[in-house]
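Here is what each chain is made of, one letter per residue.
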Amino acid sequence: MKNKIITLLTDFGTIDPYVSIMKGVILSINPNVNIIDISHNVPKFDIVKGAFILFNSGRYFPEGTIHVIVIDPGVGSERLPILIKTKRYYLIGPDNGVLSLLAYKDGIEKIYTLNNPKYFLDRVSMTFHGRDIFAPVAAHLSMGVNLSEFGNEIQSIKKIDEIYFSNPIIKSECEIIFNIIDIDGFGNIITNISAETILKLIKKLKDNIKKDEKFIYIKVYKGVDFDESKSLSISFPFKRTYDDVKKGEFLALIGSHGNLEFSQNQDNAAKHLKILPGDKLCLKLYGNLTSPKNI
Amino acid sequence: MKNKIITLLTDFGTIDPYVSIMKGVILSINPNVNIIDISHNVPKFDIVKGAFILFNSGRYFPEGTIHVIVIDPGVGSERLPILIKTKRYYLIGPDNGVLSLLAYKDGIEKIYTLNNPKYFLDRVSMTFHGRDIFAPVAAHLSMGVNLSEFGNEIQSIKKIDEIYFSNPIIKSECEIIFNIIDIDGFGNIITNISAETILKLIKKLKDNIKKDEKFIYIKVYKGVDFDESKSLSISFPFKRTYDDVKKGEFLALIGSHGNLEFSQNQDNAAKHLKILPGDKLCLKLYGNLTSPKNI
Amino acid sequence: MKNKIITLLTDFGTIDPYVSIMKGVILSINPNVNIIDISHNVPKFDIVKGAFILFNSGRYFPEGTIHVIVIDPGVGSERLPILIKTKRYYLIGPDNGVLSLLAYKDGIEKIYTLNNPKYFLDRVSMTFHGRDIFAPVAAHLSMGVNLSEFGNEIQSIKKIDEIYFSNPIIKSECEIIFNIIDIDGFGNIITNISAETILKLIKKLKDNIKKDEKFIYIKVYKGVDFDESKSLSISFPFKRTYDDVKKGEFLALIGSHGNLEFSQNQDNAAKHLKILPGDKLCLKLYGNLTSPKNI
């Protein structure tokens, strides 16, 4: 028989005992469950980063996986502890938006507020629902307890900022207004422009530019108004992979999230370009005679 | 059948191969054991912090769990490698105090010095008993080897500094001398004052103050002599949870360890107040007309 | 039946979702495999450090373990994704040298280039072969798929810099030219001088020095020419373990890798001596009348 999987995603860090306390609580209820860490180094209180990590990682797990998320600055306040049954997963955590990206992506089927103390630890603190509510509920769920046992059904959940659900604005075949949805640990700058969108525009552009301008570059502007005084001093050649430019050179490519990314081969593009998650930018595509050196 | 659980707590960090070497040694002896990390980011050589993490986390694990602790600055010296059978657990590590908080909390039943090389790796180094002694002994124990096989029984273990076993001193219904026993990664300042103690004093105080001074504040002094010149410039309103004050404001509350804590909502109180683990402080409780703003 | 073990070693860090994405992919194919982290905090793009960690840790795992290594700055370029069957293990990762130290140590039996897309994820990106190729191949291998199914056999792999395969140069019974092969998180300076080599030389030296000069010291020079002006101002007494000198004092000893190391008791020798991995140095052994104070 397959072991059940419970994943953990928190902002607890890896020095304090909080993560392993949750593991101890879970294993005391179900000693055979397979506990997998997604991350415990989400910047403290960063609900948006947590939502994005859950969205990107959670959907690669097998059907039936129980995802427990504790990024919970409002613990003990009126924010509800909830359990969401999506098409393929169970999401357990606070109703503060951190569950929303994956929940909507996978498709919400049922939402419950966790209000049946039968499945909590005996004493529920005001400051650590990860230990007292989320961990034991996840463990009991992995033992086969019915969803409706955990609390009352509710109809909606809190979402995070619209920016993370929004699409880029296509101004013309070569102009796009877009958002930065994440910066990863390599300094890759991840946009909300899908591969499909950018590849379609590049194809259109190629049909219209001179035959010998076969290399595509992307010029990026800080802000949303294509203001030349705010353009970055480098342009990004559009490439397949990091190693298509020399070490230290910038490039644009379709990253592993399936979105347009700006990167620097074996270096940290975000740091050098001072771009942050949540930034709104705009870009222009153009053809050029020469590759692969930056201009 | 339940899989046996071995937890690991070290100061090895997560770059070097030392932690995974221990996991490889354990799995080579018992491939079916469930290895759970408590933490590997204990500050190097910090026996007190390690003891505190083990104390807080270890007791949430199921009965029969084998806890292996390697914070071992005296490795290879005359300090003994030991195995403690407590009421519910097995603790394996160096006899330098790191095991003592959980051992005394849970109740010591038997102590053995590990001196039977049959259960060690073939060659025992002078510098890495985690690999050569503690990991293989834990793995053999998880396979059902009898405790008395591992070495000779001994009668006592080393304790860490008395401060971590001591109680606060109650000077009057509103004055307490106390210790800081831990600062966590959120900057929460954890005292040795139990919930029971502080709530009893607050109840007494409420009986004696004016009816309209229903909000309780805590004034904290650096040192143990209630010297006004050493009082912190802020007082801490006593609240239920972080979110009961505005973001960035200070508060006092019963934390998840069941002790009085001083915190700052979504910020790092310890950093701003320059308070460290081991500090001895004193405090005064008083009633006030107004809440919830800090004064 | 024994669960199969897959280990993971990457430079992905522990904030981003990349590691847990790989775990999700693996568990979706084989939900019963035991996934063990070796490290995810290898400095980004540091193939040599990754090779060294794999070499040191990987060989402690049980026979049949599948080691997956993703330190892969050339992902998507012409470097091959490969699977190596060594005497005891399976190594999966990019052919950039990161697998070579363990592969040669354990003994290479077969090498395959991974070119059968049947065992990849449906869409293979140009930037994340850890998710798209290495994780699913490892999971299918753990399910019993034959090696020859994954791709074509090839004859050789890329090695890392010769320095990590080279032996020290013995100039005389008391002079050695050697390399620094690693600095660990404690600041221990690990040389390529084996215990066997150094102990043999010390024995010879003891036969030749005056009877009362029974304490052995090691004098270290930056560079390879025994130039007195480049000698370190401290000499290292040769000891059994850290605790044989006072806290903060330097020493030389046989470390847990089985090589000569230079250390500082409860402090960071590498930081204080400004020595780095890859440094080439030389040393002289000599006898002295007194111990254990540094001179």
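Note that the coordinates shown come from a computational prediction; the quantities given were computed from them, not determined experimentally.

Considering the overall build of chain A
Thought 1: The helix and strand tally for chain A stands at six helices and 15 strands.
Thought 2: Dimensions of chain A, computed from C-alpha atoms along their principal axes, come out at roughly 70 × 40 × 35 Å.
Thought 3: Taken across its 295 residues, chain A has 61% of its residues classed as buried.
Thought 4: Long-range contacts, defined as pairs at least 24 residues apart, comprise 66% of the intrachain contacts of chain A with a sequence gap of at least 6.
Thought 5: When the accessible surface of chain A is summed, it comes to about 11,900 Å², and 51% of that surface belongs to carbon and sulfur atoms.
Thought 6: Across chain A, the mean location of the 37 positive side-chain charges is 4 Å away from that of the 33 negative side-chain charges.

Considerations on the interface of chain A and chain B
Thought 1: Across the contact, 29 residues belong to chain A and 35 residues belong to chain B.
Thought 2: Both sides together, the interface formed by chain A and chain B hides about 2,700 Å², and carbon and sulfur atoms give 59% of it.
Thought 3: Area buried by chain A at its contact with chain B is led by A:Ile15, A:Tyr18 and A:Thr127, which between them contribute 19% of it.
Thought 4: Taken together, the connections running from chain A to chain B amount to one salt bridge.
Thought 5: Here chain A is connected to chain B by 13 residue pairs in polar contact (both at pLDDT 80 or more).
Thought 6: With eight residues, the single largest contributor to the side of chain A that touches chain B is helix α1 (residues 18-29) of chain A.
Thought 7: When grouped by side-chain class, the residues that make up the side of chain A that touches chain B number 15 nonpolar, nine polar and five charged.

Section: unusual backbone geometry
Across residues other than glycine, the phi torsion is negative in most instances, and most of the peptide bonds are trans.
Residues and elements named next belong to chain A.
Thought 1: A positive phi angle, near 70 degrees, is found at phenylalanine 45, a position not held by glycine.
Thought 2: Relative to the elements of secondary structure, phenylalanine 45 occurs in the loop between β2 (34-39) and α2 (47-58).
Thought 3: Using a relative accessible area of 25% as the deciding quantity, one classes phenylalanine 45 as partly exposed.

Things to note about the relation of the copies chain C and chain A
Thought 1: By a simple turn and slide, chain C fits onto chain A: the slide is 0.0 Å along the axis, the RMSD is 0.0 Å, and the turn is 120 degrees. Put plainly, the chains are arranged around a three-fold axis. In terms of proximity to the rotation axis, the leading residue of chain C is C:Asn34, whose C-alpha is 5.1 Å off the axis.

Some thoughts on the interface of chain C and chain A
For an interface, size is often stated in terms of accessible area lost upon the parts coming together.
Thought 1: On the side of chain A, 35 residues touch chain C, which itself brings 29 residues to the contact.
Thought 2: Roughly 2,700 Å² of surface becomes buried between chain C and chain A when both sides are summed, with 59% attributable to carbon and sulfur atoms.
Thought 3: Three residues, C:Ile15, C:Tyr18 and C:Thr127, lead the burial of chain C against chain A; their summed loss comes to 19% of the area buried on that side.
Thought 4: The interface formed by chain C and chain A contains zero salt bridges.
Thought 5: At the boundary of chain C and chain A, one finds 13 residue pairs in polar contact (both at pLDDT 80 or more).
Thought 6: Sort the elements by how many residues they give to the side of chain C that touches chain A and helix α1 (residues 18-29) of chain C lands first, with eight residues.
Thought 7: Here the side of chain C that touches chain A is composed, by residue class, of 15 nonpolar, nine polar and five charged.

Brief notes about the sheet that holds strand β1 (residues 5-10) of chain A
Thought 1: Taken in spatial order, the seven strands make up an open sheet running β2-β1-β3-β5-β4-β6-β7 (chain A), and their pairing is mixed. The two strands at the open ends of the sheet, each matched to only one other strand, are β2 and β7 (153-154) of chain A.
Thought 2: Sheet analysis places β1(A) next to β2(A), joined by five bridges and oriented parallel. Pairing of A:Leu9 across the sheet is with A:Ser39, part of β2(A).
Thought 3: The strands that α1(A) touches are β1, β2 and β3 (66-70) of chain A; relative to β1(A), the one it contacts most, it runs at about 160 degrees.
Thought 4: Running over the sheet, α1(C) touches β1 and β2 of chain A and is turned about 150 degrees from β2(A).

Concerning the pattern of salt bridges
All names here are of chain A.
Thought 1: Scanning the model with the defined rule gives 36 salt bridges over all chains in all.
Thought 2: For glutamate 228, the salt bridge goes to lysine 284, with nearest N and O atoms at 3.9 Å. Separated by 56 residues along the polypeptide, glutamate 228 in the loop between β11 (215-222) and β12 (236-237) and lysine 284 in strand β15 (residues 280-288) bring together distant segments of the chain.
Thought 3: By relative accessible area, which is 23% here, lysine 284 ends up partly exposed.
Thought 4: One connected set of salt bridges, linked through shared partners, spans Glu175, Lys219, Glu228 and Lys284.

So, the packing of aromatic side chains
Thought 1: Applying the stated criterion to the full structure yields 36 aromatic pairs over all chains.
Thought 2: Ring plane angle 90 degrees and centroid distance 6.0 Å describe the contact between A:Phe236 and A:Phe250, whose orientation is recorded as edge-to-face. Of this pair, A:Phe236 sits in strand β12 while A:Phe250 sits in strand β13 (residues 250-254), placing them 14 residues apart in sequence.
Thought 3: Judged by relative accessible area, A:Phe250 falls into the buried class, the value being 11%.
Thought 4: With a centroid separation of 5.9 Å and 65 degrees between ring planes, the pair formed by C:Tyr221 and C:Phe226 is classed as edge-to-face.
Thought 5: An aromatic cluster is built from A:Phe12, A:Tyr18, A:Phe45, A:Phe128 and B:Phe186, whose rings are joined through pairwise contacts.
Thought 6: One cation-aromatic arrangement involves B:Arg59 over B:Phe55; the distance from NZ or CZ to the ring centre is 4.6 Å.
Thought 7: Its end group placed over the ring of C:Tyr90, C:Lys85 keeps NZ or CZ at 5.2 Å from the ring centre.

Brief notes about the pairing of strand β4 (residues 81-86) of chain C
Residues and elements named next belong to chain C.
Thought 1: Of all six residues in β4, six are buried; the element is thus mostly enclosed.
Thought 2: Burial of β4 is two-sided: the residues Pro81, Leu83 and Lys85 facing one way and the residues Ile82, Ile84 and Thr86 facing the other way are all buried.
Thought 3: The pairing of β4 with strand β5 (residues 90-94) spans five bridges and is antiparallel. Bridge pairing in β5 places isoleucine 84 opposite leucine 91.
Thought 4: The turn joining β4 and β5, which pair antiparallel and follow one another in sequence, is formed by three residues.
Thought 5: By the bridge criterion, five bridges tie β4 to strand β6 (residues 108-113) in an arrangement that is antiparallel. In the sheet register, threonine 86 faces β6, and the bridge partner there is isoleucine 108.

Calculation rules
- Residues numbered from 1 in each chain as written.
- Chains lettered and ligands numbered in written order.
- Predicted model: local features only at pLDDT ≥ 70, side-chain atom pairs only at ≥ 80, totals over all residues.
- Heavy atoms only, no water.
- Helix = DSSP H or I, 4+ residues; strand = E, 2+ residues; numbered from the N terminus.
- Buried < 20%, exposed > 50% of the residue type's maximum accessible area, 1.4 Å probe, protein only.
- Contact = heavy atoms within 4.5 Å.
- Areas by Shrake-Rupley, 256 points an atom, 1.4 Å probe, with all protein chains shown as cover.
- Lys, Arg positive; Asp, Glu negative; His and termini not counted.
- Charge placed at Lys NZ, Arg CZ, Asp CG, Glu CD.
- Buried area = accessible area lost by both parts, 1.4 Å probe.
- Salt bridge = Lys/Arg side-chain N within 4 Å of Asp/Glu carboxyl O.
- Polar contact = N/O pair within 3.5 Å; in protein donor to acceptor, adjacent residues only side chain to side chain.
- Nonpolar A, V, L, I, M, F, W, Y, C, P; charged D, E, K, R; others polar.
- Least-squares fit on C-alpha atoms with pLDDT ≥ 70 in both.
- Pairing = 2+ DSSP bridges.
- Axes fitted to C-alpha atoms, helices over the stretch in contact; angles between N-to-C directions.
- Phe/Tyr/Trp six-rings, centres within 6.5 Å; stacked < 30°, edge-to-face > 60°.
- Lys NZ or Arg CZ within 6 Å of the ring centre and 35° of its normal.

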